[in-house]
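# Structural description and commentary
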Amino acid sequence: MSEQKTLLLTGASRGIGHATVKHFHAAGWRIFTASRHDWASECPWAEGQFNHIHLDLGDIDGVERSLPLIRAKLGGRLDALVNNAGISPKGPQGQRLGVLESDYATWLQVFNVNLFATALLARGLFPELQAAGGSVINVTSIAGSRVHPFAGVAYAASKAALLALTREMAHDFGRFGVRANAISPGEIDTSILSSGTEQIVERDIPLHRLGQPEEVAALIHFLCTRGASYVNGAEIHVNGGQHV
């Protein structure tokens, strides 16, 4: 019998992250989640409460301090590190924050969570990834490659930088048998959709519908399996053709 595979996923409490945890759980993986929120009680597996790690990705010193605990919980191997957590601050009326509206504190907060913590987790957990011949999946965004009506400038810039980081990881990690890829979701049917998304669906998406979280989760899982063993350094669009 093959050894049970292990997933560590950030940002698991809702949307794509929650669907990803459910998909991997159904596939028999051992799952660890990490976020600044408590374990979501609606998650349908008892071990989730014990395998949840309270981690504020905006606190970089805290991320570094948490690494020994995370490594101890993993027990020596990590088959998949999925960096799904991300923040996109809005204005007082929910409007996007452009260059003129974004101060240094906003830039720093967004980049700590969306980029820097991602790099430090992969660096700190690399021995476990190498031991498993594991895979890193970074969740970017369509906002990283085009101006989006709802995503702020700091979020967009951080997601563009995350794609560059993915390429660098693929280059640096590949010789150790560890792959790194990115997925770039577009308009996915989650609770964080902004009002007005329906206009984007009709105007910009050839399939004329929202994506479902499970459609993203299934791709993440595939990228962590033998079927994707020669896929490295890629960014795969999951947006119904919105990017074309």
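Since this is a predicted model, take the numbers as computed values, not measurements. (Residues numbered from 1 in each chain as written. Predicted model: local features only at pLDDT ≥ 70, side-chain atom pairs only at ≥ 80, totals over all residues. Heavy atoms only, no water.)

### A look at the pairing of strand β2 (residues 30-35)
The element β2 is extensively covered by neighbouring structure, given that five of its six residues are classed as buried. Bridge analysis of strand β1 (residues 6-10) against β2 gives five bridges, and the strand direction is parallel. Bridging from a neighbouring strand, Leu 7 pairs with Ile 31 of β2. Once you follow β1 into helix α1 (residues 15-26) and on to β2, the crossover reads as right-handed. (Buried < 20%, exposed > 50% of the residue type's maximum accessible area, 1.4 Å probe, protein only. Helix = DSSP H or I, 4+ residues; strand = E, 2+ residues; numbered from the N terminus. Pairing = 2+ DSSP bridges. Right-handed = clockwise from strand over helix to strand, strands pointing away.)

### Some words on the pattern of salt bridges
A full pass over the atoms with the stated rule returns four salt bridges. Of the charged contacts in the structure, one is a salt bridge between Glu 3 and Arg 77, with a shortest N-O distance of 3.4 Å. Within this pair, whereas Glu 3 is found in the segment before β1, its partner Arg 77 is found in the loop between α2 (60-74) and β4 (80-83), the two being separated by 74 residues in sequence. Assessed through its relative accessible area of 18%, Arg 77 is described here as buried. One salt bridge in this structure joins Arg 65 and Asp 59, with 3.7 Å as the shortest N-O distance. The exposure class of Arg 65 is exposed, given its relative accessible area of 60%. Through salt bridges with shared partners, a single network forms among Glu 3, Arg 77 and Asp 79. (Salt bridge = Lys/Arg side-chain N within 4 Å of Asp/Glu carboxyl O.)

This is a description of form; function is not addressed.
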